[in-house]
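# What the coordinates show
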Amino acid sequence: MLQAIGLTSTPRRDLPPAVDNLTFEARPGTVTALLGPVGAGKTTALRLMLQLEPGRGITYFRGRTLHRIAHPAREVGVLFGDVPGHPSRTARSQLRMLCAAAGVPGSRADDMLGLVGLTGARDRRIGTLPLVMDRRLGLACALLGGPHTLLLDEPGARLSVRESAWLYELLHAHADEGGTVLYTTADPKDAARNADRVVTLDQGRLIADQEAVDFARTRLRPRVAVRTPYATRLAVVLSQEARAARRPVEVVAEGGNHLSVYGSDCATVGESAFRHGLLLHRLADETGDAGDSAVPRQAPAPSCVPQLLQSHPSAVPVLAPVLAPARKAPWGAVPPVEESGTGAASDLAPGADVRTGAEAVAADPSGAPGVVDVDRPRSSTELKGAPIPGPAQDPGGTPAVDPEGAPSPEAEDAPTQGPESAPAQGPADAPVPVPAPSADGAPPPEPEDVPPLKPGSVPPPEPEGARVPEPESVPAAAVVRAPRRSPLWPVRYEIRRLLGVPSTPLVVLGVLFVSLALSVLLARNGRTPLPAVLAGWPVLSPLPPAALGAGLVGAFSFGEEYRYPALTTGRGAVPRRLGLLLAKLAVTAAVATLLAVLVVVADREALRFVYGGQLVPVPHNWPALSANWFGLMIGCGWAGLLGAGVFRAAAAGVAAVLAVPVAFAPPLHHVLAAGPGRSVAGLPARLRALMSVEWSAAADRWVMAALKVVGQPVGVAMALTLTVLLCAYVLTGLRSKARW
């Protein structure tokens, strides 16, 4: 159950709010359409539900707000337009990265690619995918965690009829298993045809909340659009003939030479105009304001790759009803559109009531428009294939249970099959009476052929002496506890994010090449100190290339999150969780340390190769130099990371890195040089005595080296910069009510 209460967006200057006091609910087991014209506030309403838009109101997902859900990816799946992934990342890499963030096995990425028919495009880059593949990949991302609720913004926009049919049948399969689906659309016919319930918005306000059948009758009345220079005469003729025939026909003048005729059809109107010699310029069936209604009926669920149900058992609980019939098809294959019994069925208004002719007359004797005799697949019982666990269950197929052992809200809200919802047991499923053997041991007589039972009929009584075999006992499903949030999830996510794009190896290779060239040139004159030569640090540069590269890697870490927000799919929003920040800091520090080692080793080997080994001696104060070098690299990486996280841009992170030696270090150098000089000699011994811990003399040297690094102007400027950026990051997260 999704409940939106009092959603109101923050109004802009001199403009009304895009969403104003919107309250509605989307029930489990149904597909709800949020209908409205462009600018009605549909997308803003979805963003308010996901707390991506400033405003008021609250949204409950099965009784819990979004920031109180421990595993959001397992509760809410979101699809907002195109896949917000890096264009250079492959489809499989994108899904595996999201698997790490959601805490699901990486093999689920391959399962989801198979379910949406993208197995053959798993290694294609996201930036090269066409619209159809991109939409399917977005649906795979939304279903990756097995969510109960799906929020989709214009999922069928710009798709072909067949692709739209495939998509909506997929959504209905999810709803038939107990899930909640809410999607936005601007097409009334689309809402009536594909949704079970329609919520209509206009200028951010709720206009109507009704079932799709009622919506089609009241707001999508089929009509005949007529354009004729004799509009007044034709209106009089149609009204007189309708009264004579006692038919409920309504003729409305739309202005000029346009007429809208309700309760009739094109043939009747055309014959009336022909008999009276009235010229017609246009004669067409229409529904609402959407134009002609001659749209073919949507195709049923497509046949994707049923073999995945056997090769990937973890994919079974997601969308197994959509995988019938068993036929392997390429990614874009959909079954042909089924032909209806009559040729006129495809020309009827989409979204009309589905009844037979007798039922339609009995239900609506007045002959109101909108009741037609057309089939439309809806429930999972109409689809082939075995029943599967619903979205309220784990990928393994067992009920979801929280870590304490009590049933989780997913299991509590899961629909239970009552007497009305339980499928009828056919004759093939019922136990067959077996006659008892005779006293002399002769085999029992063969049972006579019994005609199949009709639905609702009572089975005949069992013969005397018959025994019914007891059904085999089925072992109870093992209770699987919901996994706790692991600190390794964000670390795995960050590693896969870092290695899934070519920017990281390109930065490392560029830094190594520039450092090698600069170190060889600096060692040629013989006047540059050895540490600067090994670092490739010329005097005119504020930072060595390796430090700039570390800062660039850190800036990309958060800059790409805001530019391609894969975690929330909302443009410009990234969840500010403490685990994600710590994971980014740890991975950035590891990359900076590795880059520092690679640069020094590569420069040393290059110098030995070019000038000989005698020019590269090991300095006696190498511990202090190593501490300075690693501290500078890690500090630059963290400065770029936090700068991009606070200002939401990679360029801001690079600016924060350059500001340390250019803007902050010179003033601090003058301040420290003007003050009285005091020595910290003996501080390691005093620390040892304070903590009552004994360590070696080598540890004393490392402590003194770290103190010297911090005491230098650049070290002090770096420490102050990191402290300010970290505080700003925390304050901005608290201000936006982020879940830490």
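Residues numbered from 1 in each chain as written. Predicted model: local features only at pLDDT ≥ 70, side-chain atom pairs only at ≥ 80, totals over all residues. Heavy atoms only, no water.

We now examine the sheet that holds strand E3 (residues 31-35). Read across the open sheet, the six strands follow the order E5-E6-E7-E3-E8-E9; overall the sheet is mixed. Both edges of this open sheet fall to strand E5 (76-80) and strand E9 (205-211), since each of them pairs with a single strand only. Sheet twist, expressed as the average angle between the axes of neighbouring strands with direction ignored, equals 15°. Examined bridge by bridge, E3 and strand E8 (residues 197-202) share four bridges and lie parallel to one another. (Pairing = 2+ DSSP bridges. Helix = DSSP H or I, 4+ residues; strand = E, 2+ residues; numbered from the N terminus. Axes fitted to C-alpha atoms, helices over the stretch in contact; angles between N-to-C directions.)

All right, on to the environment of valine 539 then. Tracing the backbone through its elements, the reader meets valine 539 in the loop between helix H16 (530-535) and helix H17 (545-563). A relative accessible area of 80% places valine 539 in the exposed class. (Buried < 20%, exposed > 50% of the residue type's maximum accessible area, 1.4 Å probe, protein only.)

Let us now look at the sheet that holds strand E1 (residues 2-9). Strands sit in the order E2-E1-E4 across an open sheet of three strands; the sheet is antiparallel. What marks the edges here is a single partner per strand, and that holds for strand E2 (22-26) and strand E4 (55-61). Neighbour to neighbour, the strand axes of the sheet diverge by 15° on average, direction disregarded. Relative to E2, E1 runs antiparallel, the two sharing four bridges. Among the inter-strand pairings, alanine 4 is bridged to a residue of E2, identified as phenylalanine 24.

Between its first and last C-alpha atoms helix H8 (residues 231-245) spans 21 Å; for 15 residues at 1.5 Å apiece the expected length is 21 Å, and the two agree. Every buried residue of H8 is accounted for by Ala231, Leu234, Ala235, Val237, Leu238 and Ala242. Down the axis of H8, the buried set is contained in an arc of 165°. They therefore lie on one face. When the buried face of H8 is taken as reference, the exposed residues oriented beyond 90 degrees from it are Thr232, Arg233, Arg243 and Ala244. In this structure, the buried residues of H8 make contact with strand E10 (222-227), strand E11 (250-255), strand E12 (258-262) and helix H9 (266-275). Arginine 246 lies just past H8 and shows a positive phi near 55°. (Expected span 1.5 Å × (residues − 1). Arc of directions from axis to C-beta. Contact = heavy atoms within 4.5 Å.)

For the chain, mean pLDDT is 74; residues scoring 70 or higher make up 64% of the total. pLDDT under 50 marks residues 289-482. Its contacts with residues more than four places away, or in other chains, come to 275 contacts. (pLDDT = per-residue confidence, 0-100.)

The subject of this paragraph is the nonpolar core. One finds Leu95, Leu137, Leu139 and Leu152 to be the most contacted residues of the largest nonpolar core, which totals 52 residues. With seven residues, the single largest contributor to this core is helix H2 (residues 91-102). Each residue touching leucine 95, except ones within four places of it in the same chain, is listed here: Ala109, Leu113, Leu137, Ala140, Cys141 and Leu144. Judged by nonpolar contacts, the second largest core, of 40 residues, contains Ala547, Leu595, Ala656 and Met718. (Core = buried A, V, L, I, M, F, W, Y, C linked by side-chain atoms within 4.5 Å.)

Our next topic: the pairing of E9. Bridge analysis of E8 against E9 gives six bridges, and the strand direction is antiparallel. The residue bridging valine 199 from the neighbouring strand is aspartate 209, located in E9. Linking E8 to E9, which pair antiparallel, is a turn of two residues; within it glutamine 203 sits at a positive phi near 55°.

Axis separation between H17 and helix H19 (residues 622-647) bottoms out at 7 Å; the angle between their running directions is 25°. One finds that H17 runs roughly parallel with respect to H19. Crossing hand, H17 versus H19: right-handed. Contacts from Ala546, Ala547, Ala550, Gly551, Gly554, Ala555, Ser557, Phe558, Gly559 and Tyr562 of H17 reach H19 at Trp629, Leu632, Met633, Cys636, Gly637, Gly640, Leu641, Ala644 and Gly645. Residue composition of the contact of H17 with H19, by class: twelve nonpolar, seven polar and no charged. (Parallel < 35°, antiparallel > 145°, perpendicular 65-115°, else oblique. Left-handed = near helix turned anticlockwise from the far one by under 90°. Nonpolar A, V, L, I, M, F, W, Y, C, P; charged D, E, K, R; others polar.)

A cluster of nonpolar side chains, Leu548, Leu658 and Val662, forms an exposed patch at the surface whose accessible area comes to about 230 Å². Tracing the sequence through the fold places leucine 548 in helix H17. We classify leucine 548 as partly exposed; its relative accessible area is 34%. (Patch = residues over 30% accessible without salt bridge, like charges linked within 9 Å, V, L, I, M, F, W, Y side chains within 5 Å. Areas by Shrake-Rupley, 256 points an atom, 1.4 Å probe, with all protein chains shown as cover. Salt bridge = Lys/Arg side-chain N within 4 Å of Asp/Glu carboxyl O.)

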